[in-house]
Structures are given as C-alpha cells and as structure tokens.
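Chain by chain, the residues:
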Amino acid sequence: MSKPTEAPKFFTDSGIEIERIYPKKDVPYENPGEFPYTRGAHPDMYRSKLWTMRQYAGFSTAEESNKRYHYLLKNGTTGLSVAFDLPTQMGYDSDHDLSDGEVGKSGVAIDTLRDMEILFNGIKLEDITTSMTINSTASILLGMYIALARKQGADIKKISGTIQNDILKEYAARGTYIYPPSPSMRIITDIFEYCSKEVPKWNTISISGYHIREAGSTAVQELAFTLANGKEYCRAAIKKGLDINVFAKRLSFFFNAHNNLFEEVAKFRAARRMWAQITKELGATDAQAQMLRFHTQTAGSTLTAQQPINNIVRVAVQAMAAVMGGTQSLHTNGFDEALALPTEDAARTALRTQQLIAYESGITQTVDPLAGSYFVEELTNQVEKAAWEYIEKIEKMGGAVKAIEKSYMQNEIAASAFEYQDNIEKGKKIIVGVNKFAIEEKMPDNLLRVDDSIRQYQIDKLNKVKAERDNTKVKAALALLEQNAKENVNLMPAIVDACECYVSLGEIADTLRKVFGTYK
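Just so we're clear, the structure is a prediction, and the values are computed from it rather than from any experiment. (Residues numbered from 1 in each chain as written. Predicted model: local features only at pLDDT ≥ 70, side-chain atom pairs only at ≥ 80, totals over all residues. Heavy atoms only, no water.)

## Quick word on the overall build of the protein chain
Helix and strand counts for the protein chain stand at 20 helices and 11 strands. Against the compact-globule benchmark of 24 Å for 520 residues, the protein chain has a radius of gyration of 23 Å, which places it among compact chains. A total of 520 residues make up the protein chain; the buried ones form 58% of that total. Relative to all contacts within the protein chain whose residues are 6 or more apart in sequence, the contacts with residues 24 or more apart total 79%. Accessible surface computed for the protein chain: about 22,000 Å², of which carbon and sulfur atoms make up 51%. Each charge class in the protein chain can be summarised by its mean position, and for the 62 positive and 66 negative side chains these summaries are 3 Å apart. (Helix = DSSP H or I, 4+ residues; strand = E, 2+ residues; numbered from the N terminus. Rg over C-alpha atoms; globule rule 2.2 N^0.38 Å. Buried < 20%, exposed > 50% of the residue type's maximum accessible area, 1.4 Å probe, protein only. Contact = heavy atoms within 4.5 Å. Areas by Shrake-Rupley, 256 points an atom, 1.4 Å probe, with all protein chains shown as cover. Lys, Arg positive; Asp, Glu negative; His and termini not counted. Charge placed at Lys NZ, Arg CZ, Asp CG, Glu CD.)

Shown next as structure tokens:
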C-alpha cells in the first residue's frame, strides 16, 4: 500500500510558510493616519492626493538628461529623480583616471555647477520636487542644487525634494562609499542640521532598503536592516544635539517592490508600524516625527534580458504592491533595463503603468484596500516579528554600524542571495522565460547606448569652467572647507559656497579625503 502524498508546502521569499487558508481572527481596528500608521501615513491616502510619479532618469551628459526630463514632464511625471554616473557617486571628476569608461554610463555626469545649470535648464526648482540618488557625495550635489536655486532666484526655504544620503547601506550592500563610517555619519548629521534651518522642506535622507534587496536580501532582511540603519541615524542626530521631533519629520525611506505581491504589501504595512514604535522609543512625541513616509522603486534585479516584454507585467505587479502598501512616491522600471538604459518608449510605458493603476484600476479609491484580509493581516504580523528578531540581534552587537563592521548584514545578504539563485538554478523558483517557458529570441536592435566619446566632451566642458572661474575664490573656498572639516564646523555652508564658485565635485571630495581619509 503506497503512502499518501504529502501536501506541498508554500513559502514567501523570506521563508515564511503560507497556510492553505487563514482562520477568522479578530483584527484590532486602526484608523489610517493614526499611530501606529499600519493602514497608511495619511487619513485619506490617494483619495485626496496620488503618490508622486517620479521616474528615475539620467544618462550621458546634462544636456541629454535635460531632454529626457522635459519628455517625462510632458508625459505626466510629477517629480524628477536624478541618476548619477559612477564617477559622480564616488567623488571623481570626469577627467580622473578612475572615471575612464564610466562617464555618463549609469547616470548623468556632474562635475560642476555648470552641469547642474544645464541639467535643470527650463525647469524651475520651486515648481518641482527632485529626488537625487546620491550618497557619499550627497552633500556636494545638494550644495550644487541649492546654489542653482539661489541663482534662479528661488526661495530656498520653499524648494523640496530628497537626497538619498544613506551611507550605511553603501557599506552593507552597494559599495559607493568614500570616507570611513565616523566622518560619513558626521557629514550626514551636518546635512540634517543645516537643512532643518536653511532648507526646511527638504528630505535630508532616504534610508534605503532598495539596494539591500537588490544585493540579494529577503523582504524581511530589507525591512530589518533598513530600520536598523534608520535607528542609527536618529541616534547620531540626537547625539549631535538635534531634536528628533524636528529632524525626523524630514526623514524618508526608499523600499524595493519585488515580485511576491502579498509579502511586499505586508512589508510596507509592517514598516510603518515598526518605525512608529522605534521613533516613539527614541523620544519622538510629534505624530509627524513618528510617521514613516517612503518612495518605492520596482525591482531592477527581477528584470530579465530574456523575453524583456514580460518585464512590463512584472513591473505592474510590483507597482500594485507599492500602491496597495501605501507608498508616497513611485518609480517604475523600463522593460528593457536588463539590457541597457531605458529608451523613451520604455520609460513612457513604465510611466503609463503607474497612470493606469492610478486612474483605471480602482485600488486608489479606498485606503489600505487589503486591510482585514486574514492572510495579509497575519503576514504583516509575521513579517514584523521576523524583522524585530533581526533588529534585536543588531542591537546586541551595538547597533547598525557595529553590525556592518562585523560584516553581519553583508553575510546575511550574501547567504540569502546564494539561496535565491540556487533555487532558480535547481528549478525550485520559477522565473518565466528564464528557467521555464524559454524561447529562441534575438537581441533587440533599438537599445540606448552611451558612447565613450562623452568623457572627452565632459573633460572639455570642465576645463572651460576652470579657465573661466575666479580661481582665487576657488582656493579660498577649498581652504575654508578644509579648515571646517578639521575643526568640526558644519560643512554645508562651505560646500554651498564652494559650489557657487564653480569648484568641482572632485576638488571638494578630494579636500575631504585629505582630512578624513578613505575607507578600505
């Protein structure tokens, strides 16, 4: 007599077992917009205001990126999001030896304020919100943005946007760091302090789980490590003497929207609830300071070069998870981004995906549409429980910086990435068009490529700026910056002044390298 077949088990990508059905449970009723914000940061959510449709764009030169921004704005984008090339992220000008082969490739090349002027030509900074995905050189790019706003005659107290400015996840997952952790944290808290007084509408950090997830973490690890990093930033700011009820209002988060729709919704709901508790324990009493607001980007790592048109569906599912999870801002990836930078057609299709969800799906018409689902409520609880377990381990190590220095986060992410890929290769995890339903196909012929001649164009432009600027003022600006770095004076005023003198990004970063050293 044969043994009965064992019923198959199902799990989320974080390893949480999914039951066949979920029994009826009493779910505590919560109002959206009220502590602990599980159901949403605002009472009416998208009934009163849609999320910001913020398409991430930047490539080649400032001139080319400016054309793409105007194209996106014309097609309904409601916020800009700037991608910078690798040299800009690492604090090197386009003429640096290490910039060879990378200028304008992963984003736009920005060497001086002149490039920033071109990048936003025809765009009033008072009329748009801008997000800049930049970390180790965030202070410099923000300095250029403020300098440009002043040049446009804008009231800098009215300009709004976000800099990513999250260096801890660079050490843990991404790698575009320059200085050691201690001076890097000092720069971040200098930005907090400066912006709270001078640019009060600016979000001074976007604490990022996105790149942690892209490096291979699970949803639970993404949530736990991101909130642990956020807690570390809050502690550093409090230690500097800043008021959590002031600076925490300008903190934002940046999460990944991956393929497992219900786990992603649960992650976003749990994130708000957990952050409300963390900030309350750190002393926040103002509701606005306890509230987690976040930007979401669909998962670049899930895009496939095989059958790229399938990516349109992946992006739609991920975007719906972000919206049903209550995001404040959203970027949707182009279907061709596993192969190259997105073409205009791919970027427009990605934007239209958001617009279809917003105006045709009906899911924006009620707040937290999955609330009360036995499955979603229980999954939210389980994701939260698993994330707290990670955070408790990190706390016992002494916090996020100590955990990163011990390579704890890095090792956990690496183990999860290996397991995920191993499951794909063994066929346990199905990727449509890759390890199942594959077809013979040829490479698309209309991909967007950035020519290597861009570097020489940037170098010529940089040399022209250096020849035309007042180099006496440049020398004085860099001397003041070096002095302030040594004397622990807030760096932002000197950085803004240097940017206004057309000091290059590389010159400012090198001055700080001289004082702070580099992290190996």
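After presenting the structure, the write-up continues.
## Here's the deal with the sheet that holds strand β10 (residues 294-298)
Hydrogen bonds along the backbone pair up the strands of a sheet, which may run parallel or antiparallel. With respect to topology, 9 strands assemble into an open sheet ordered β7-β6-β5-β4-β3-β11-β10-β9-β8, the strand pairing being parallel. Where the open sheet ends on each side, the last strands, each with one partner, are β7 (202-203) and β8 (205-208). In this structure, strand β4 (residues 79-83) lies alongside strand β5 (residues 129-133), joined through 4 bridges in parallel fashion. For Leu-80, the partnering residue across the bridge sits in β5 and is Thr-130. (Pairing = 2+ DSSP bridges.)

## Considerations on the pairing of strand β9 (residues 251-257)
The buried fraction of β9 amounts to 7 of the 7 residues, a majority that puts the element mostly inside the structure. Taking every second residue as pointing to the same face, both faces of β9 are buried, with Leu-251, Phe-253, Phe-255 and Ala-257 on one and Ser-252, Phe-254 and Asn-256 on the other. Summarising the sheet, β8 and β9 pair through 4 bridges and their orientation is parallel. Considered in β9, the bridge of Ile-205 is made with Leu-251. Examined bridge by bridge, β9 and β10 share 5 bridges and lie parallel to one another. Note on β10: the bridge partner recorded for Ala-257 is Thr-298.

## A closer look at helix α6 (residues 181-198)
In a regular helix each residue adds 1.5 Å, so 18 residues correspond to 26 Å; α6 covers 26 Å between its end C-alpha atoms and thus fits that length. In terms of burial, α6 is a largely internal element, 13 of the 18 residues being buried. (Expected span 1.5 Å × (residues − 1).)

## Notes on a nonpolar patch on the surface
There is a patch of nonpolar side chains on the surface, built from Ile-430, Val-432 and Phe-437 and spanning about 270 Å² of accessible area. Mapping Val-432 onto the fold places it in the loop between α16 (408-425) and α17 (454-468). Looking at Val-432, the relative accessible area reads 38%, which means it is partly exposed. (Patch = residues over 30% accessible without salt bridge, like charges linked within 9 Å, V, L, I, M, F, W, Y side chains within 5 Å. Salt bridge = Lys/Arg side-chain N within 4 Å of Asp/Glu carboxyl O.)

## A short note on the pattern of salt bridges
Two side chains bearing opposite charge may form a pair once their charged atoms approach each other closely. Following the criterion strictly, the structure yields 36 salt bridges and no others. Across the pair Glu-232 and Arg-235 runs a salt bridge whose closest N-O atoms are separated by 3.9 Å. In this pair, Glu-232 and Arg-235 both sit in helix α8 (residues 219-239), 3 residues apart, roughly one turn of the helix. The exposure class assigned to Arg-235 is partly exposed, which follows from its relative accessible area of 31%. Salt bridges here are not isolated pairs; linked through shared partners, they connect Arg-114, Glu-117, Lys-151, Lys-464 and Glu-468.

## Notes on α17
With 15 residues, α17 should reach 21 Å at 1.5 Å per residue; the first-to-last C-alpha distance of 21 Å fits that figure. The complete set of buried residues in α17 reads Ile-454, Arg-455, Gln-458, Ile-459, Lys-461, Leu-462 and Val-465. Summarising the axial view, the buried residues of α17 lie within an arc of 165°, below the 170-degree limit, and thus occupy one face. Tucked into the core, α17 has its buried residues touching α1 (62-74) and α3 (113-119). (Arc of directions from axis to C-beta.)

## A look at the packing of aromatic side chains
Each aromatic ring pair is described using two quantities: the centre-to-centre distance and the angle formed by the ring planes. Enumeration according to the criterion identifies 20 aromatic pairs in this entry. Ring-pair connections join several aromatic residues into one group, and the members of that group are Phe-253, Phe-255, Phe-268, Trp-275 and Phe-294. Against the face of Phe-35 rests Lys-280, its NZ or CZ located 4.7 Å from the ring centre. Looking at Lys-393, its charged tip hangs above the ring of Tyr-390, at a distance of 5.6 Å from the centre. (Phe/Tyr/Trp six-rings, centres within 6.5 Å; stacked < 30°, edge-to-face > 60°. Lys NZ or Arg CZ within 6 Å of the ring centre and 35° of its normal.)

## Quick look at the packing of helix α4 (residues 138-151) against helix α19 (residues 492-500)
It is at 8 Å that the axes of α4 and α19 come closest, and there the two elements cross at 60°. Compared by their axis directions, α4 and α19 come out oblique. In this structure, the crossing between α4 and α19 has a hand that is right-handed. The residues of α19 that touch α4, namely those facing Ser-139, Ile-140, Leu-142, Gly-143, Met-144, Ile-146, Ala-147 and Arg-150, are Met-492, Ile-495, Val-496, Asp-497, Cys-499 and Glu-500. Broken down by class, the residue content of the contact of α4 with α19 amounts to 9 nonpolar, 2 polar and 3 charged. (Axes fitted to C-alpha atoms, helices over the stretch in contact; angles between N-to-C directions. Parallel < 35°, antiparallel > 145°, perpendicular 65-115°, else oblique. Left-handed = near helix turned anticlockwise from the far one by under 90°. Nonpolar A, V, L, I, M, F, W, Y, C, P; charged D, E, K, R; others polar.)

## Quick notes on the nonpolar core
Of all hydrophobic cores here, the largest spans 74 residues; its most connected members are Phe-192, Phe-225, Leu-227, Tyr-233, Phe-247 and Met-409. Ignoring anything within four residues of it in the chain, the contact list for Phe-225 reads Ile-212, Tyr-390, Ile-394, Tyr-408, Met-409, Glu-412 and Ile-413. Leu-142, Tyr-194, Met-492 and Tyr-502 belong to the second largest nonpolar core, which has 63 residues in total. (Core = buried A, V, L, I, M, F, W, Y, C linked by side-chain atoms within 4.5 Å.)

## Brief notes about the packing of helix α10 (residues 261-281) against helix α14 (residues 374-397)
In a pair of packed helices, the angle between the axes and the distance between the axes together describe the arrangement. The geometry of α10 relative to α14 is characterised by a closest axis approach of 8 Å and an angle of 55° between their N-to-C directions. Considering their axes alone, α10 and α14 lie oblique with respect to each other. Remark: the crossing between α10 and α14 carries right-handed chirality. Along the contact surface, α10 presents Phe-262, Glu-263, Val-265, Ala-266, Lys-267, Arg-269, Ala-270, Arg-273, Met-274, Gln-277 and Ile-278, while α14 presents Phe-375, Val-376, Glu-377, Leu-379, Thr-380, Asn-381, Val-383, Glu-384, Ala-387, Trp-388 and Ile-391.

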